[in-house]
Amino acid sequence: MKKILLGTTTLIGAAALFSGAALADGPKVTLGGVADFQAGFLSDDNDADQRSGAFRSDTEVTLDIKGVADNGLTYGGHIMLETDVEGANSGHDSDNQGFNAGRTYLFVEGSWGRLQGGSDLGVTKTMKVDASNIARATGGIDGDFRYWGLATTGPGTLLATPDLILDHGPATIAIGANERDENLNKLSYYTPRFSGFQAGISYLFDTAAGSRGQVVALGDNTAGQAEGVILGAVNWEGKFDQIGINVGATGEWGDSESTTTEDLQTWQAGAMLTYMGFSVAGSYGDWGDSLLAVATNDDERHFWTAGVAYETGPFGASITYLKSETELTATTENEFDNISVGVDYKLAPGFTPYAEVSFFEVDEAGTGLLNDNDGSVFILGSQLAF
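Residues numbered from 1 in each chain as written. Predicted model: local features only at pLDDT ≥ 70, side-chain atom pairs only at ≥ 80, totals over all residues. Heavy atoms only, no water.

Things to note about the overall build of the protein
- Of the regular secondary structure elements, the protein holds four helices and 16 strands.
- Of all 386 residues assigned to the protein, the portion counted as buried reaches 43%.
- Nonlocal contacts in the protein, meaning residues at least 24 apart in sequence, comprise 59% of its contacts between residues at least 6 apart.
- Taken as a whole, the protein presents about 19100 Å² of accessible surface, with 61% of it coming from carbon and sulfur. (Helix = DSSP H or I, 4+ residues; strand = E, 2+ residues; numbered from the N terminus. Buried < 20%, exposed > 50% of the residue type's maximum accessible area, 1.4 Å probe, protein only. Contact = heavy atoms within 4.5 Å. Areas by Shrake-Rupley, 256 points an atom, 1.4 Å probe, with all protein chains shown as cover.)

Laid out in structure tokens, this is it:
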């Protein structure tokens with residue numbers, strides 16, 4: 001038996017050696033990832049005798065594949081694996097992304113730009129400019145407060161993060177599960193940056209919630225979904241003396257799959273200034289009546305953001321604010337406010353402890369499931385990036 005094992009090991013070693021030699025000039029694979037552990041504490045008016053605190057962990061392992069052809073063409077892919085211990089959900093993580101992987105894509109890139117296809121973020125997410133771009137800790141107004149402050153209160157019509165529809169997810173589902181649509185299968189193209197300008201475009205055949213990975217979703221005439229969807233983005237980066245400037249705009253357009261719902265038409269625009277460690281940013285976004293019932297009066301859905309941040313050495317701090325309004329009828333509307341303060345400190349390479357407190361207020365018209373609520377979420381955690 002020992003001889004068999006020894007011979008087998010020798011063959012495997014030789015195969016690996018020759019295989020390595022043959023693939024020496026092939027794509028290189030880089031292993032990385034993020035591990036995050038948090039303690040969160042909630043205090044709100046609608047606690048219903050629930051516990052005030054809970055632990056949460058979030059772990060991802062990434063594989064980046066990159067190669068360069070003889071003609072200079074760069075090619076490769078990215079795989080983001082969800083590696084958390086399985087919770088109560090079935091078939092997906094707490095963000096509705098999937099237990100196996102959160103995002104996967106292939107790409108080719110050259111002097112003409114970058115072409116990328118897979119279950120990944122679109123240009124409206126990767127190229128947007130708003131106050132969350134400068135947020136520290138977990139991300140401020142686009143951070144992890146929602147897992148404690150809003151996911152426990154049930155679904156309602158509320159815009160809780162500074163995103164357009166596909167990046168936010170439906171405003172009528174539990175706020176904590178708002179990433180279910182951002183990684184739908186899509187094809188994206190990014191232009192080279194020229195004189196500070198860059199543009200991007202993403203295309204989706206449809207917005208069916210399950211159209212990710214191997215799932216093929218053909219036309220199904222579903223109310224509330226769109227087909228032939230285009231995501232567009234443009235931004236400009238520049239610097240005048242020591243002042244950095246970044247401005248951008250994004251939008252979504254698509255035809256409704258049903259005659260009973262409106263087409264998809266949203267937009268967002270923002271700007272950011274930086275100076276000697278200080279950053280200031282803000283934005284405005286509008287959903288309009290996108291994908292709503294044709295007969296509804298709910299045609300005013302918008303949000304705006306503002307924030308300031310400071311970074312010096314290993315220390316960073318930020319204050320970010322989000323305000324959103326969703327009109328239900330001509331005289332009633334839901335409002336959401338969130339101000340988030342975050343600090344973090346790079347204690348060692350890749351290891352960053354942080355603290356964040358978010359103060360949110362929900363003003364809901366009528367007797368919906370969310371109801372009026374005021375509260376605060378305090379998160380203390382550490383992130384390990386490797």
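Details of the nonpolar core
- Membership of the largest hydrophobic core comes to 33 residues, with the highest contact counts inside it found for L150, V229, F336, F360 and V377.
- Secondary structure elements with two or more residues in this core: α3 (146–149), α4 (165–168), β8 (226–240), β15 (351–363) and β16 (373–385).
- If one sorts the elements of this core by residue count, β8 sits on top with four residues.
- If sequence neighbours within four positions are ignored, F360 has contacts with L42, D44, G149, L150, F336, D337, N338, N373, D374, G375, S376 and V377.
- Counting five residues, the second largest nonpolar core, distinct from the first, contains V129, I134, M272 and A281. (Core = buried A, V, L, I, M, F, W, Y, C linked by side-chain atoms within 4.5 Å.)

Some thoughts on the pairing of strand β3 (residues 74–82)
- Pairing geometry for strand β2 (residues 53–68) and β3, over nine bridges, is antiparallel. Paired with V68 across the bridge in β3 is T74.
- Where β2 hands over to β3, the hairpin turn is made up of five residues, of which G72 adopts a positive phi near 95°.
- When β3 meets strand β4 (residues 101–110), the two strands line up antiparallel, connected through eight bridges. (Pairing = 2+ DSSP bridges.)

Describing unusual backbone geometry
- Residues other than glycine seldom take positive phi values, yet S195 does so here, at roughly 50°.
- On the secondary structure map, S195 appears in the loop between β6 (185–190) and β7 (197–206).
- On the accessibility criterion, S195 (55% relative accessible area) is exposed.
- In this structure, L291 takes a positive phi of about 65° despite not being glycine.

Topic: a nonpolar patch on the surface
- Taken together, F240, I243, L273, Y275, M276, V280, V308, I319, I339, V341 and F359 make up a surface patch of nonpolar side chains, about 970 Å² in accessible area.
- Contributions of two or more residues to the nonpolar patch are made by β10 (264–275) and β14 (333–345).
- If you trace the backbone, I339 turns up in strand β14.
- Classification of I339 by relative accessible area gives partly exposed; the value is 35%. (Patch = residues over 30% accessible without salt bridge, like charges linked within 9 Å, V, L, I, M, F, W, Y side chains within 5 Å. Salt bridge = Lys/Arg side-chain N within 4 Å of Asp/Glu carboxyl O.)

Details of the pattern of salt bridges
- Under the counting rule described, the total for this entry stands at 15 salt bridges.
- Of the charged contacts, one joins D163 and K125 as a salt bridge, the two residues approaching to 3.0 Å between their closest N and O atoms. One end of the pair, D163, is in the loop between α3 and α4; the other, K125, is in helix α2 (residues 123–126), with 38 residues separating them in the sequence.
- Under the relative-accessibility criterion, D163 is labelled buried at 2%.
- With its nearest N and O atoms 2.7 Å apart, the salt bridge here joins K128 to D163. Note that K128 is positioned in the loop between α2 and α3 and D163 in the loop between α3 and α4, a separation of 35 residues in sequence.
- In this structure, a network of salt bridges that share partners links the residues K125, K128, D130, D142 and D163.

Brief notes about a negative patch on the surface
- On the surface, a cluster of negative charge is contributed by D45, D47, D49, E361, D372 and D374.
- Within the secondary structure, D45 is located in the loop between β1 (28–44) and β2.
- A residue is classified by how much of its surface remains accessible, and D45, at 56% relative accessible area, is exposed. (Lys, Arg positive; Asp, Glu negative; His and termini not counted. Charge placed at Lys NZ, Arg CZ, Asp CG, Glu CD.)

Some remarks on the environment of A101
- Within the fold, A101 resides in strand β4.
- Look at A101 and you get partly exposed, because its relative accessible area is 21%.
- Placed 22 residues apart in sequence, A101 and I79 show a C-alpha to C-alpha distance of 7.2 Å.
- With sequence-adjacent residues up to four places away left out, A101 is seen in contact with M80, L81 and E82.

Digging into the side chain of H168
- Tracing the backbone shows H168 in helix α4.
- Side-chain polar atoms of H168 contact the backbone nitrogen of A160, separated by 3.1 Å. (Polar contact = N/O pair within 3.5 Å; in protein donor to acceptor, adjacent residues only side chain to side chain.)

Description of the packing of aromatic side chains
- As enumerated under the stated definition, the model contains eight aromatic pairs in all.
- The interplanar angle of 25° and the centroid separation of 5.4 Å between the aromatic rings of F37 and F55 together place this pair among those described as stacked. Taken together, the positions of F37 in strand β1 and F55 in strand β2 put the pair 18 residues apart, joining distant regions of the chain.
- A residue is classified by how much of its surface remains accessible, and F55, at 64% relative accessible area, is exposed.
- For the pair F41 and F378, a centre-to-centre distance of 6.5 Å together with 25° between the ring planes defines the contact as stacked. You can see F41 sitting in strand β1 and its partner F378 sitting in strand β16, a full 337 residues away along the chain. (Phe/Tyr/Trp six-rings, centres within 6.5 Å; stacked < 30°, edge-to-face > 60°.)

Examining the confidence of the model for the protein
- With 82% of its residues at a pLDDT of 70 or more, the protein has an overall mean of 85.
- Model confidence for the protein, summarised as mean pLDDT per element, is weakest for helix α1 (residues 2–22) at 38 and strongest for strand β11 (residues 278–286) at 98. (pLDDT = per-residue confidence, 0-100.)

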